[in-house]
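Below are the chains, spelled out letter by letter.
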Amino acid sequence: MRYASVIVDLKVSQTDRSFDYEIPHEWRGIIKPGMRVVVPFGSRKLQGFVVEVKDESAVKKVKAIDELLDPTPVLNEELLKLGEWLTESTLCFKITAFQAMLPSALKANYQKELLIHKDRSYEHLHPDIQTLFQKNKKLDLNKACKSPYFHVIQKEIEAGNLEVQYVVKQKTNKRTIKQIKAIASKKELQAFLSKLPKQANKQKRILQFFIENDDPIPLKKLLEEVQCTVSSVKTLIDKKMLLEEEVEVYRDPYEKEHFEKTNPLPLTNEQTKAIQPILASLEKEQHDVFLMYGVTGSGKTEIYLQAIEEVLKKGKEAIVLVPEISLTPQMVQRFKGRFGSKVAVLHSGLSTGEKYDEWRKIDRGEVKLVVGARSAIFAPFQNIGIIIIDEEHETSYKQEENPRYHAREVAIYRGKYHSCPVVLGSATPTLESYARAQKGVYNLLTLTERVNKRPLPTVEIVDMREELRKGNRTMFSESLYTKLKNRLENGEQAVLFLNKRGYSSFVMCRDCGFVISCPHCDISLTYHRFDEKLKCHYCGYEEMMPPHCPDCKSKYIRFFGTGTQRVEEEIAKVLPEARVIRMDNDTTSRKGAHEKLLKSFGRKEADILLGTQMIAKGLDFQDVTLVGVLTADTMLHLPDFRASEKTFQLLTQVSGRAGRHTLPGEVVIQTYVPEHYSIQLAQRHDYALFFQKEMYIRKLHHYPPYYYLVLITVSHQEVTKALSTAEHISLFMKKRLSDKAQILGPVSSPIPRINDRYRYQCMIKYKRESSLYESLKAILKHYQQEMNQTDLTISIDLNPLMLM
Ligand SMILES: Nc1ncnc2c1ncn2[C@@H]1O[C@H](COP(=O)(O)OP(=O)(O)OP(=O)(O)O)[C@@H](O)[C@H]1O
Ligand SMILES: [Zn+2]
Ligand SMILES: [Zn+2]
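These numbers were taken from a predicted model, which means no experiment stands behind them.

What counts as what
- Residue positions are given per chain, counting from 1 as you read along its sequence in written order.
- Numbering of ligands from 1 and lettering of chains from A proceed in the order in which they are written.
- Side-chain atom pairs in this predicted model are given and counted only at pLDDT of 80 or more, local residue features only at pLDDT of at least 70, and totals for whole chains, interfaces and linings cover all residues.
- Where side-chain values are given, they derive from all heavy atoms of the structure, hydrogens and water being excluded.
- Labels follow the DSSP assignment, with helices taken as runs of H or I lasting at least four residues and strands as runs of E lasting at least two, numbered in each case from the N terminus.
- Note that the radius of gyration is over C-alpha atoms, with the globule rule given as 2.2 Å times the number of residues to the power 0.38.
- Categorising residues by exposure relies on relative accessible area from a 1.4 Å probe, with only protein chains included: less than 20% of the type maximum marks a residue as buried, more than 50% marks it as exposed, and the intermediate range marks it as partly exposed.
- Here, residues are in contact when the closest pair of their heavy atoms is within 4.5 Å.
- To be clear on the numbers: accessible area is Shrake-Rupley with a 1.4 Å probe, and residue cover counts the displayed protein chains and nothing else.
- His is not counted, nor are the chain ends; Lys and Arg add positive charge and Asp and Glu add negative charge.
- In this description, the location of a charge corresponds to atom NZ of lysine, CZ of arginine, CG of aspartate or CD of glutamate.
- Two strands form a pair only when DSSP identifies at least two bridges running between them.
- Each axis is a line fitted through C-alpha atoms, taken for helices only over the stretch in contact, and angles between the N-to-C directions span 0 to 180 degrees.
- What counts as a ring pair is set by centres within 6.5 Å for rings of Phe, Tyr and Trp (its six-membered ring), and what kind of pair is set by the plane angle: stacked under 30 degrees, edge-to-face over 60, tilted for all other angles.
- Working definition: residue near molecule or strand if any one of its non-hydrogen atoms lies within 4 Å of it.
- Here a polar contact means two N or O atoms within 3.5 Å. Within protein one must be a hydrogen donor candidate and the other an acceptor candidate, and residues neighboring in sequence count only if both atoms are side-chain atoms.
- Note that the domain bounds were set by an automatic or database domain assignment.

What the chain contains, in helices and strands, is 24 helices and 33 strands. Computed over its C-alpha atoms, the radius of gyration of the chain comes to 31 Å, within 12% of the 28 Å expected for a compact globule of 804 residues. Projecting the C-alpha coordinates of the chain onto the three principal axes gives extents of approximately 90 × 75 × 70 Å. Every one of the 804 residues in the chain was classed for burial, and the buried ones make up 52%. Considering only intrachain contacts with a sequence separation of at least 6, the fraction spanning at least 24 residues in the chain is 74%. Total accessible area on the chain stands at roughly 38,200 Å², and carbon and sulfur atoms take up 50% of it. Taking the average place of the 119 positive charges on the side chains of the chain and the average place of its 102 negative ones, the gap between the two points comes to 2 Å.

Set out below in C-alpha cells:
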C-alpha cells in the first residue's frame, strides 16, 4: 500500500476530511489504520490518525509521512468506526472524537524549536548566541523567548540563519527501572569470587547473591538486600559478571492496597430473577439493553459481579462504569476483591502516567475488566462480553465539552457491535430510560426489596419554617438534633448531607442588600472561610473579603448560605463531643484524601460524616443508622426542567446510605417546601408515582422524554454580536425545520455572562426532524471561519443535561 489517508490534528471544517500522504518505502505494509503519524501540513508538522491505506491516490502531488508515532494501532477498527459515529452524532470534529477515546498521554504536544538553518553553521551566528547552538543543538522557542539574548536570536531568524521547526512531542513516558542480572555462569561467578581480595566484601556479597538466586533483581532492591553501593555493582558490570538493563514497569496506584478475596454470594430470589435474562443474552451472544431498577441496597452490585464472572469464563471482557465520585476504595474493593489483578481502574484521580499504564494493560489484553468513570467506555478491548453502567441517572456520564457524548449511547453502540448485553442500573433511573423500558425498548429488571428483606429507612420530613416559628435558629431541627445525640450515645454513626449544587455561600450586605458578584461573570462570588477570600466558581476570579459594604459602607456585610465549614462549627457548638469528618472540595483536593477520610470513617474514628454531593453515593457502612439532609430544596430552584427529578434522585440516594446492614436506618430531611412532590415521594420511596407525576409535567411542557432537545449557546465579548448571531441562528432554524419543531429564543442564558463573554441561547424542541443534523452542521460550517478568527463561540448540545 503506497498511500495513507490521514485525519490531521487541526480543528477547522476544511480539515475534517482526510488527506492523502505517501507511505515511505520502509513503512509500507507496516502502517495500518488507527496508527498515529506526524505529517507535514503547510509549513507545519501535525499529528494525525491514519484512517485508511490504499494503492491509489486521486491527489497529484502528495507529501510523505514524516514520522510514525505508534508501532501498532492505538485505535482498532471498531473504535475508528465509533469515532466516525461520534463525529456525526455529536457534531464534533473527527480529530476531537479520536482523541477523546485515548488517554491524555497520547495527545500530541506541539513544540516549536529553533535550530540553525540547514545551509548554515554556527559560525554564521552572532558570537553571543553561538554556544547555544553548537553541536547542532536545538532551543525550545518558548525558552528562547525568555532568554536575555532574544533580540539577537530574532535578528538571526530574520537573517535566515536560524529557523523555526515544529515538532510533535509525546507525553507518553513509560516508567522504567534499572534491573541487574548475572550474565556469567554460576561457575564463573564462583571463580571470580574466590579470586577477590579479602577487603572486597561488598562485591563478594553481591556475587554470593547471584550464585544463590537465579532471577534478575531491581537495582534498588539489590542494594537493600545485600547492603552494598552502586559502585560495587558497577565494578562487577564492568567485569562482565553482571548486566544492567532498563525494564518497563507499570505504575500501580493500588500497589500498597490489599484486597481481601471475596466469593460469589448465593443470590436472593429477586436477584436470581434479575440475573437470568442477562445470562440468557450472554449465552445467546445477543445485544440487549437491560434497565435494572433496584432500590438502594437491593444487591445490584452482586448481580454485576456474577454476570461479569460468566463473561470472564467465556474468555471475554467487561466494562463497568461508575460515577467518578463513587469510585471510592469501597467500590474498587468490590471488583478487585472478586477479580484480583484482572481489573484495571480508570478515574480522574490517577496521574497521566498511571492512566496510560492502565490503558496499556487493557490494550494488551493483560486485564479483562475495567472499572472506571465516563471515558472508560472507550476501553480498547477487542472482545467485549458485557457493559455495565451503574447509577445510570448520573449526569457525569455526559461529557460537557466536545465531543458531547453520553456514555450510555456509546455503551449501546459498542454493545451492538460486540453483540453483548448492556446493563443500566439505578435506584432512580432517568425518566428517559424508564420510559424506554416501559415501551419495551429496554428490558426492565426490578428489585423491589433490600437484600434479606431489610427495611428501607424511615424518612421524616421536617418543615424548617416551623422550626423558625418555634424559635429554633440553628441549622438542626429539634428532631435531627435529638437523633444525632442518640446515635452518639449508642456508638452508631451518622451521615450529614449538605446539598451544595446550585447553591453557594454568597456575601450580602444586611443594610442595603448589596450582593458581591464577579466582575466578569453574572454570578455571586462564593465565600471561602479558609483564606478569607471571595471566589468565582466559573472563571476563578478572587478578591479579599471586604470589611465594609462596597456600596453603602455598612460594616454589616456577611456571608449567607451554609457551607460545610459552618455546619462543622455549629456541630462543635451543639454537640461538642461529636467527632466529625468533613468531606468537601477543600478537604479532598489532595490526591488520596478522599479515600483516607472514608477509610477513617469506616474504622469508626468519627461519629459523623459531613459532606456534599460526594458522599451521596455508593457508600456502604455497617453502623450508619442516621442520615440527615440539612437543606433538601436548594436544587429545586435551579432554572432547569430536571430540578425535581434531580432532587428526587439525590434524596433517594442519600437516604439509601442508612440502615444497609443489621441495624435499621432513619432519615431526616429538612426543607422549606415540605409539600413538594419530589420530597414527599422520596420520603415514601415511591419511584413509580414520581415517574408518573413527572412524566405528566414533561408531557404538558413538551420536555424529554416526550420531546428531544437541542441547546445552542452563542457567546461573544460584545453583547450585540452574541445576540444578533443567536437571532440569525434562530431564524435560520425556523426556516429549515418543520412547523412541528419549536424554536425558543434567543434568550440570555441562565448565567448571562461568564468570563466577560455574553451568552445567549436557543432551545429547539422536536420529535422527528429529518433535516435537523444537516441544518446544525450548516450553522457550524457557516460560522467556522469567524469562530477560528474571532472571539465568537457557538456550542451545539444535542440532548443537553446542563441548561446553564
Ligand atoms: N445475595 C446476597 N446475600 C447476602 N448479602 C448480599 C447479597 N447481595 C448483596 N448483599 C449485600 O447487601 C448489601 C447491599 O448490596 P449492594 O451494595 O450490591 O446494593 P446496591 O443495589 O448496589 O445498592 P446501592 O444502589 O444503594 O449502591 C451489600 O453489603 C452486599 O454485600
Ligand atoms: Zn467570574
Ligand atoms: Zn450595603
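Across the sheet, seven strands lie side by side as β14-β15-β13-β16-β17-β12-β18; this open sheet has parallel pairing. With partners counted over all chains shown, the strands left at the sheet margins are β14 (343-346) and β18 (443-447), one partner each. Strand-to-strand twist in this sheet, taken as the mean axis angle between neighbours without regard to direction, amounts to 15°. Here β14 runs beside strand β15 (residues 369-372); their pairing, made up of four bridges, is parallel. What sits directly across from V343, in β15, is L369.

Moving on, we get to the sheet that holds strand β32 (residues 757-766). The four strands are arranged β31-β32-β30-β33 in an open sheet whose pairing can be described as antiparallel. Where the open sheet ends on each side, the last strands, each with one partner, are β31 (742-754) and β33 (793-798). The mean inter-strand angle of the sheet, taken between neighbouring strand axes irrespective of direction, is 20°. Bridge count for strand β30 (residues 708-716) against β32 is nine bridges, and the pairing is antiparallel.

Next up on the list: the packing of aromatic side chains. Here the structure, examined in full by the defined rule, presents 17 aromatic pairs. An angle of 35° between the planes, with centres 5.1 Å apart, marks the rings of Y293 and Y687 as tilted. In this pair, Y293 is assigned in strand β12 (residues 289-294) and Y687 in helix α22 (residues 687-700), connecting sequence segments 394 residues apart. Summarising the aromatic geometry, the rings of F648 and F690 are spaced 4.3 Å apart at their centres and angled 5° between planes, so their arrangement reads as stacked. Taken together, the residues span a long stretch of sequence, with F648 in helix α20 (residues 643-655) and F690 in helix α22 at a distance of 42 residues. With relative accessibility at 1%, the residue F690 sits in the buried group.

The subject of this paragraph is the site of ligand 1. Neighbouring ligand 1 are 20 residues; Q271, K300, T301, R334 and R660 lie closest to it. Here a nitrogen atom of ligand 1 and a side-chain polar atom of Q271 are 2.8 Å apart. One of the side-chain N or O atoms of T301 is found 2.8 Å from an oxygen atom in ligand 1. Here ligand 1 loses 87% of its free accessible area of 630 Å² to cover by the protein chains. There are two domains that each give the shell around ligand 1 at least three residues, and those are domain 3 (269-451) and domain 4 (458-503 + 561-696).

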